[in-house]
Amino acid sequence: MTGLRRDILGLLRGQFQPSMTGRLGIAISGGSDSMALMHLMQEAFEGEPVELYAATVDHGLRPEAAAEAEWAGRAAAALGISHEVIRWEDGPGKGNLQGQARDARYHLLSGWARRNNISTLCVAHTADDQAETLLMRMARAAGVSGLSGMPPRRVHSGVTLLRPLLEVTRSELRQYLQERGIEWCEDPSNSDLRFERVRARRALEELAPLGLTPTVLSRVAGNMNKAREALDWYVFLAARDLAHVQAGAVVLCQRKFRTLPSETGYRLLVKAIQWVAGTPYPPRRVPMEIAMLAARGGGAATVSGCHLLTTSKQIWICREAKAVEGAISLPGQVWDSRWKVFGGDAKGCVVRALGRDGLRKCPDWRAAGVPGTVLEATPAVWQGAELAAAPTAGLANGWSAEPVANEEEFFASLLSH
């Protein structure tokens, strides 16, 4: 075994529990990075009670993509690894093509993993990918979280995504493949300068003489990740002291919030908005800075489908009424990915937002101690145009409304990434 191969295998094995058993998934594309990951994992777990499964997402964006996915399947089969091609049937809409393709890839891969009882899915991001990510985020004046890059491990839709090769460069992986005579496919989009990541890749070539190599920048991201973890802990402690969840909204004590260090308060507000909106991505910095000013100064703001408002003593982060006005479900189903409404006679009824008109039909809503703006974005039971029940606004009529995620899950989300 060559020194390079031994070092990479050692790094790879170090990412897994020594007694790991069961199924592991591998996302492959036919490119050098994923081909190396698949071969390395096959070597690392040879003779172990671990079943490897591979999947390739065909986005359908290039004519060659289908043939490349089939080629990747043959490469997996040669190693005795079960393989499946997953096609992006919906295709992209308007906007950021690469962002949409990335989101679709993780969504499709996570669904595939759950269907196959795979709890851990490995993806082949390298030190080069981490360095490129760092450069792109620096261009957006990112803070600590952005500059911490891609985490080595995170959970997506109930599946653990693992990046075991973040400390390995692309050139090292290609050397490994060449030593073993293993082929790979070249994606032509990797040299298309229309894409930001490709431009960042070219910039790294120019920065290398200054010592800003992929390895160095990847280590910088790792250092920032440690700083992020420390900040997250202090955000968690602050939240325990000044936050609670009420009517599906995150409520902060404004007096205590104002005394927090700026970065701690900012991060707490970001996490609260993400939790209420149910989005994995933080809001952009400019609207967040506006929200911070509103929270500290006693104003209001709207960001990422959430509304921030302040009362004399509290800051409320709730769903924006406009963001849920089209959300409809049947009683007993999950509404807006956040609520379950049940208990009454469901015949002819649907669940949709209470809204301003519905709130007017709730004479006792003020007794709940919740601002009307918050209640307007909570679920109500409607029978045609008639309001049948609004449990959060004091008009239960035999119905109950419960959030899918409770307060403890909010606090736990502050320590997840």
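Throughout, a residue's number is its position along its own chain's written sequence, starting from 1. Only residues with pLDDT of at least 70 get local features here, since the model is predicted, and only at 80 or more are side-chain atom pairs given and counted; chain-wide, interface and lining totals rely on the full set of residues. Derived side-chain values reflect all non-hydrogen atoms in the structure, with water molecules and hydrogen atoms excluded from consideration.

**Some thoughts on helix α11 (residues 262-277)**
For step 1, the next point in the chain: Under the 1.5 Å per step criterion, the end-to-end length of α11 is 22 Å for 16 residues, consistent within 8% with the ideal 22 Å.
For step 2, the next point in the chain: Three exposure classes are used, based on accessible area relative to the maximum for each residue type with a 1.4 Å probe and protein chains only: buried under 20%, partly exposed in between, and exposed over 50%. Each helix is a run of H or I in the DSSP string that is no shorter than four residues. Each strand is a run of E no shorter than two, and both are numbered from the N terminus. With respect to burial, α11 is a largely interior element, 14 of its 16 residues being buried.
For step 3, the next point in the chain: After α11 finishes, the residue G278 shows a positive phi value of roughly 70°. One less than the residue count of a helix, multiplied by 1.5 Å, gives the span that helix is expected to have.

**Concerning the packing of helix α2 (residues 32-44) against helix α7 (residues 170-180)**
For step 1, the next point in the chain: Fitted lines through C-alpha atoms serve as axes, helices being fitted only where they are in contact, and the angles separating the N-to-C directions of these axes extend from 0 to 180 degrees. Running from amino to carboxyl end, α2 crosses α7 at an angle of 65°, the nearest separation of the two axes being 9 Å. Where α2 crosses over α7, the two elements pack in a sense that is left-handed. Facing α2, whose interface residues are S32, D33, M35, A36, H39, L40 and E43, α7 presents R170, L173, R174, Y176, L177 and R180.
For step 2, the next point in the chain: Amino acids outside the nonpolar list (Ala, Val, Leu, Ile, Met, Phe, Trp, Tyr, Cys, Pro) and the charged list (Asp, Glu, Lys, Arg) are all regarded as polar, and Gly is one of them. Residue classes in the contact of α2 with α7 are distributed as 6 nonpolar, 2 polar and 5 charged. Note on convention: the crossing is left-handed when the near helix lies turned anticlockwise from the far helix by less than a right angle, right-handed when the turn is clockwise. Here a residue-residue contact requires only that any non-hydrogen atoms of the pair lie within 4.5 Å.

**With respect to a nonpolar patch on the surface**
For step 1, the next point in the chain: By definition, no residue in a patch forms a salt bridge, and every one has over 30% relative accessible area; like charges are joined within 9 Å, nonpolar side chains (Val, Leu, Ile, Met, Phe, Trp, Tyr) within 5 Å. Residue burial considers only the protein chains on display, and all accessible areas are found by Shrake-Rupley using a 1.4 Å probe. What counts as a salt bridge is simple: a side-chain nitrogen of Lys or Arg found within 4 Å of a carboxyl oxygen of Asp or Glu. There is a patch of nonpolar side chains on the surface, built from L210, L212, V216 and V220 and spanning about 320 Å² of accessible area.
For step 2, the next point in the chain: Relative to the assigned elements, L210 resides in the loop between α8 (196-207) and α9 (214-242).

**Considerations on the packing of helix α5 (residues 127-138) against α8**
For step 1, the next point in the chain: Where α5 meets α8, the closest approach of the two axes is 9 Å, and the angle between their N-to-C directions is 100°. Between α5 and α8, the angle falls in the class roughly perpendicular. Across the interface between the two elements, D128, D129, A131, E132, T133, L135 and M136 from α5 touch E196, R197, A200, R201, A203, L204 and L207 from α8. When describing relative orientation, an angle under 35 degrees is termed roughly parallel and one over 145 degrees roughly antiparallel, while 65 to 115 degrees is termed roughly perpendicular and anything else oblique.

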